[in-house]
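Coordinate inspection notes
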Amino acid sequence: MSQLIIENLVKNYGQKPVVNQLNITVESGEMLSLLGPSGCGKTTTLRMIAGMHDPTSGSIRLDGKELTRIAPHKRNIGLVFQNYALFPHLNVFENVAFGLKRHGVPKSEIRERVEAALHSVRLNEFAERFPAQMSGGQQQRVALARTLVLKPPLVLFDEPLSNLDAKLRQALGIEIRVLQRKFGFTGIFVTHDQEEAMVISDRIAVMNGGNIVQIGTPQQIYMHPVDPFVADFVGESNLYPITNVTASEGFWRFELSKGNIISAEKTGNGSAPTYVMVRPEAVSVRRKGVDDQPVPEAGFNAVAGEVTFINYSGSSYLIGVAIESLDEQFIVRLQNTRKELDLRVGEEAVVQWPVHDTLTF
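Below: a short report on this structure. Because the structure is predicted, anything quoted here is derived from the model rather than measured. Counting starts from 1 at the beginning of each chain's written sequence and moves along it residue by residue. Only residues with pLDDT of at least 70 are given local features in this predicted model, and only at 80 or more are side-chain atom pairs given and counted; all residues enter the totals for whole chains, interfaces and linings. Processing note: side-chain calculations cover all non-hydrogen atoms of the structure and skip hydrogens and water entirely.

Our focus in this paragraph is the packing of helix 2 (residues 92–102) against helix 3 (residues 107–120). To get an axis, a line is fitted to the C-alpha atoms, and for a helix only the part in contact is used. The angle between two axes follows their N-to-C directions and goes from 0 to 180 degrees. Strands are runs of DSSP state E lasting at least two residues, helices are runs of H or I lasting at least four, and both sets are numbered from the N terminus onward. Between helix 2 and helix 3, whose axes approach to 10 Å, the crossing angle comes to 125°. Judged on the interaxial angle alone, helix 3 and helix 2 are oblique. Read as a crossing pair, helix 2 and helix 3 show a hand that is right-handed. Contact residues: V92, F93, V96, A97, L100 and K101 in helix 2; I110, R111, R113, V114, E115, A117 and L118 in helix 3. Here the contact of helix 2 with helix 3 is built from residues that sort into 9 nonpolar, no polar and 4 charged. Oblique is the label for every angle not falling under 35 degrees (roughly parallel), over 145 degrees (roughly antiparallel), or within 65 to 115 degrees (roughly perpendicular). Crossing handedness is read from the near helix: turned anticlockwise from the far helix by less than a right angle, it gives a left-handed crossing, and turned clockwise, a right-handed one. Two residues form a contact once any of their heavy atoms are found within 4.5 Å. Think of it as three bins: nonpolar holds Ala, Val, Leu, Ile, Met, Phe, Trp, Tyr, Cys and Pro, charged holds Asp, Glu, Lys and Arg, and polar takes everything else, Gly as well.

See below:
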């Protein structure tokens, strides 16, 4: 297991910084995900670590050794690519053995290590098959075995699951996490898929515009985003601008929309917030009765609106409620309790959520 330290890393294309003064320490045996939209600098960062791109300035050290002056093939770093990068004319065994042969490993040891690597990814019965005879998921597991057989201290994953369907992505993501813990390598995983990052990572570094906006555990990133960008990018969110903000006794009070005053606990540096965010799963919804007003209970916020859609996904319902003068609908995610949902599209409804689940920025 190895520690990776990145200090003041910069990559410019012309005068434009693509990666801007990046500082990250990836601890030994940790899996860190670089998460962000296209063009945020995550892949460029990965390629500088691998040696495919030269940094404009900054330092990349693996176990104290400066990598920026070392050729890519001498860095002892494993790479797992998006497109598998398997040799089509070699069978599975030969693909996995390729790197070992280049390193001059004895034939008897090659067979032992390849068989162990294929067993670890559950492909020991496919050794004689060629890549074209295998599914996308199987090919990616071959690529993973080809990397693990070399026992690298650091493995870089460049969006390796993006070509797979959703269910297979989830399954293989869990498998990568299990293998990472089993083999103990340090890993950096690049993705734009926040659910993928949550499953795979010890920590997530959310990037935007070449900078790290927030770094923390999946729980920290999801439950305590530092700004509207992170709140909106990671997970589903009800995120709105707010007006008429006042403060009293540890709480903010503000107007969410016309006539709808809600509260949030005071956090941060004490400056008045401009945005509010509520996660859909923190919200409950009920049909609005005749003469019923959305009066919140103690410790809760509540607003009224009209149900615009109800989507059923098996495990949950996703419900949209249009609130007067809000540009975006309020989204509610209810777990399926196997009881009939007492709500219909077009009905007036009240949405309600705890004050402590109301985040402000």
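Next, the rest of the story.
The subject of this paragraph is the packing of aromatic side chains. Any two rings among Phe, Tyr and Trp, with Trp reduced to its six-membered ring, count as a pair given centres within 6.5 Å; such a pair is stacked if its planes are under 30 degrees apart, edge-to-face if over 60, and tilted if neither. On inspection of all chains with the given rule, the structure shows 7 aromatic pairs. The interplanar angle of 10° and the centroid separation of 5.7 Å between the aromatic rings of F229 and F233 together place this pair among those described as stacked. On the criterion of helical spacing, the pair formed by F229 and F233 is a turn pair, its members being 4 residues apart in helix 8 (residues 228–233). Its relative accessible area of 24% is what places F229 among the partly exposed residues. When accessible area is computed with a 1.4 Å probe and restricted to protein chains, residues below 20% of their type maximum are described as buried, those above 50% as exposed, and intermediate ones as partly exposed.

Attention now moves to unusual backbone geometry. Non-glycine residue E249 carries a positive phi angle of around 45°. Assignment of secondary structure puts E249 in the loop between strand 12 (243–248) and strand 13 (251–257). A relative accessible area of 79% places E249 in the exposed class. Here S325, not a glycine, exhibits a phi torsion of approximately 70°, which is positive. With respect to the helices and strands, the residue S325 is situated in the loop between strand 18 (316–322) and strand 19 (330–335). On the basis of relative accessible area, S325 is assigned to the partly exposed category, the value being 47%.

Our focus in this paragraph is the pattern of salt bridges. Salt bridge, as used here: a side-chain nitrogen of Lys or Arg that lies within 4 Å of a carboxyl oxygen of Asp or Glu. Counted according to the given criterion, the structure contains 13 salt bridges. R287 is the salt-bridge partner of D342, the closest N and O atoms lying 2.9 Å from each other. Linking D342 in the loop between strand 19 and strand 20 (348–354) with R287 in strand 16 (residues 284–287), this pair joins segments that are 55 residues apart in sequence. A relative accessible area of 52% means that D342 is categorised as exposed. Among the charged side chains, a salt-bridge network with shared partners connects R122, R141 and E175.

Backbone-to-backbone hydrogen bonds join strands into a sheet, with any given pair of strands oriented parallel or antiparallel. Across the sheet, 4 strands lie side by side as 2-1-4-5; this open sheet has antiparallel pairing. The strands lining the two open edges of the sheet, one partner per strand, are strand 2 (16–26) and strand 5 (65–66). By the bridge criterion, 7 bridges tie strand 1 (residues 4–13) to strand 2 in an arrangement that is antiparallel. By the bridge assignment for strand 2, I5 is matched with T25. Lying on the sheet, helix 1 (residues 42–50) is in contact with strand 1, strand 2 and strand 4 (57–62); it crosses strand 1 at an angle near 115°. Paired strands, in this sense, are two strands between which DSSP finds at least two bridges.

The quantities given are spatial measurements derived from coordinates; they are silent on function.
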